[in-house]
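# Fold and contact review
What follows is each chain in one-letter form.
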Amino acid sequence: MAVDVVQEIKLRTDLVELISVYVPLRRSGRTHKGLCPFHAEKTPSFHVDGERGFFRCYGCGVGGDCFTFLQQKEGLAFNEAGEMLARRLGLEWVRRGDTAEKRSERERLYDMMALAQRFFRERLKDAPVAQKYLERRGLAPETVEAFGLGYAPPGYQALLGWLKGQKIAPEEAEAADLILRGEHGLRDRFVDRLMFPIFDLEGRPVAFGGRALQADAIPKYLNSRELPIFHKGRTLYGLHVAKQEIPKSGFAVAVEGYMDVIALHQAGIVNAVASLGTAITEQHVGVLRRYSDELVFCYDGDSAGMRAATKNSSLFEAAGCNVRVARLPEGDDPDTFVQKHGADAFRSLLTQAEPLLDYQLNTLRAGYDLTDETKRLGFVREAARIVAQSSSSLTRQAYAAKLERTLEMMVDEWYPGQPDQAQRARLALNQEVRRLLRSDGGAPAGGGHPTNGRVMGRGPTTSGPRVQPPAPVRSGQGAEERYVLRAALSEDRWADRVSEQLTVAHFSDSNLVGVAAKLLSEEGDAAGSAPQRADAVKADPELAGVVSELLMDEAPLNDEGLDRCLEGLERAWKRSRKLELWRAYNAGEFLPEDPRREELRRLSAELEGRQRREA
Ligand code: CTP
Ligand code: MN
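About the cut-offs
Residues numbered from 1 in each chain as written. Chains lettered and ligands numbered in written order. Predicted model: local features only at pLDDT ≥ 70, side-chain atom pairs only at ≥ 80, totals over all residues. Heavy atoms only, no water. Helix = DSSP H or I, 4+ residues; strand = E, 2+ residues; numbered from the N terminus. Rg over C-alpha atoms; globule rule 2.2 N^0.38 Å. Buried < 20%, exposed > 50% of the residue type's maximum accessible area, 1.4 Å probe, protein only. Contact = heavy atoms within 4.5 Å. Areas by Shrake-Rupley, 256 points an atom, 1.4 Å probe, with all protein chains shown as cover. Axes fitted to C-alpha atoms, helices over the stretch in contact; angles between N-to-C directions. Parallel < 35°, antiparallel > 145°, perpendicular 65-115°, else oblique. Left-handed = near helix turned anticlockwise from the far one by under 90°. Nonpolar A, V, L, I, M, F, W, Y, C, P; charged D, E, K, R; others polar. Pairing = 2+ DSSP bridges.

### Quick look at the overall build of the protein chain
Counting its secondary structure elements, the protein chain contains 27 helices and 16 strands. Computed over its C-alpha atoms, the radius of gyration of the protein chain comes to 27 Å, within 12% of the 25 Å expected for a compact globule of 615 residues. Within the protein chain, the proportion of its 615 residues that are buried is 50%. Restricting to contacts in the protein chain with at least 6 residues of sequence separation, those with at least 24 account for 65%. Here the protein chain displays about 28,600 Å² of accessible surface, and carbon together with sulfur accounts for 51% of that area.

Structure (structure tokens):
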């Protein structure tokens, strides 16, 4: 059954046409090529072979068929991609393990939700109070229309009665959590509420959030329960629109509420999404990072919002995303802020957003009265704990150094004109930082890792197949990356080996990824000798500084060292690939004949065999 459909879909889907929706492709010989939609690049290394039905990026290593493409690009599960592809071809998709019954259950739910949305939208037209409310909240009619907002009338029987008139069995609506069955019979679940349809990635309504019109009503929002077509842990409000904009703007904005998303979109900030009042899950991370791995959190400007922003952003950081946090004035949320101050003011908040660790440390510092001597050590401990928990050893090291510098400055303020006392305090505090960083199992502070001040900035990032393991990142990896790049930039034969054996996906040091991408691109490869390649990379002004710095490093290079580093990077890549496959496997994304199964088996065996030999 499903297998035949899978084959038929692969055979009949015009991959070039499918992918062209996302990125312009040009014919190049027998195949097509264009800029990779999975990572940022300036010269095309993304190839699509329409005849054979597969794509591959020689820059970041992603590749696959029409299923893989949609899964990765749209963040869909295999079955969801299958449904979408089948619909395009007018075929019927049968989920694996799905009975006809289960499938029609899903279809009936979609139908019911669409019907209910129509009903709620119609009712809004004759609900002046609800309309006034929306007006007061600053929503233009076009915005109300675009987000499909509606109104559920009072009386407990409005939807129920309408369904009866339409000759639709109430059981259908009950299954969709729109009608409740209680002691006194059936009644509407949503009563006198503004209705926010929640859309899936394809823009179909799959659930509702109903907001009470009175300020003090409890609960303020009533949401649909989990349904076969609605999973809170995976759904992001606004993403069906934002998914177009996020790759273009290069980052997503994560906010807390429906109203925040709507107000921002109305103001032209169309890359904003919200989770549904629930904590961010790993699945959310997986979905969102298909579009970008840069993210700015902008949660309510109160302590709960700040805590939630920190907690949720850590999850993204652990997955290797570049996370920043924007601060709103106390008492504002993105909605009130953008309504009061406008889109430009909001955009400038986004530009001022701090990297997660800075945000945490600054927030911590603001919460301590540091003129009180007894509180200082508490601050230091807490700060060191935050730094030690950071997921990447690279940031840990950079921040430990930064924290020590900050402490030195603070100590000078604390002990003006008392150099001896200041010196003693400095030593004590720095010792404390080192001790705490070590005891947390983090990488040793100041572990000789090269940092040149760009670590905390927004250096180039890769997206694509690689998910960085949350912890622990091998501390030597940055050094290995540096070694192979220095080798590739200095000797032709080393350059050849590096470009044969590595892809950008092997690199994770944010200082070096850009250099690697350029060097390993076709353009870099075509440049010829190592010095010419170096020049080709330097042509990019953003990279010139890093390249010069690499070339000035005179530490000796040799074949053995290169072998060791290449092997180390390959192993690190395999580990993270294995982790990524495990995640997909655990999320139930593998079919029995999925080639990733074999890949996972192979990687596990290889990595295990190696560990045994090492032991
Ligand atoms: N939420 C919920 N149930 C509640 C309260 C909140 O599900 N009882 C969820 C909703 O998804 C809501 C989000 O948490 O959008 C954020 O809550 P809040 O900031 O209170 O809502 P806003 O969207 O800002 O709504 P409003 O501005 O109308 O108060
Ligand atoms: Mn609000």
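From this point, the discussion proceeds with the structure in view.
### So, the packing of helix H3 (residues 66-74) against helix H4 (residues 78-89)
Following both chains from N to C, one finds H3 and H4 inclined at 115 degrees, their axes separated by 9 Å at the closest point. One finds that H3 runs roughly perpendicular with respect to H4. Seen along the crossing, H3 lies across H4 with a hand that is right-handed. Counting all contacts with H3, which are made through Cys66, Phe67, Leu70 and Gln71, the residues of H4 involved are Phe78, Ala81, Gly82, Met84 and Leu85. Of the residues belonging to the contact of H3 with H4, the class tally is 7 nonpolar, 2 polar and no charged.

### As for the environment of Val537
Within the element layout of this structure, Val537 appears in helix H24 (residues 530-538). Apart from the residues within four sequence positions on either side, Val537 is in contact with Val515, Lys518, Leu519, Leu543 and Val547.

### Here's the deal with the sheet that holds strand S9 (residues 193-199)
On the basis of which strands lie adjacent, the open sheet formed by 4 strands has the order S6-S9-S10-S11 and antiparallel pairing. Each end of this open sheet is capped by a strand with a single partner; those strands are strand S6 (150-152) and strand S11 (221-223). For this sheet, the mean inter-axis angle between neighbouring strands, taken without regard to orientation, is 35 degrees. For S6 and S9, the ladder comprises 3 bridges, and the chain directions are antiparallel. In the sheet register, Tyr151 faces S9, and the bridge partner there is Leu194.

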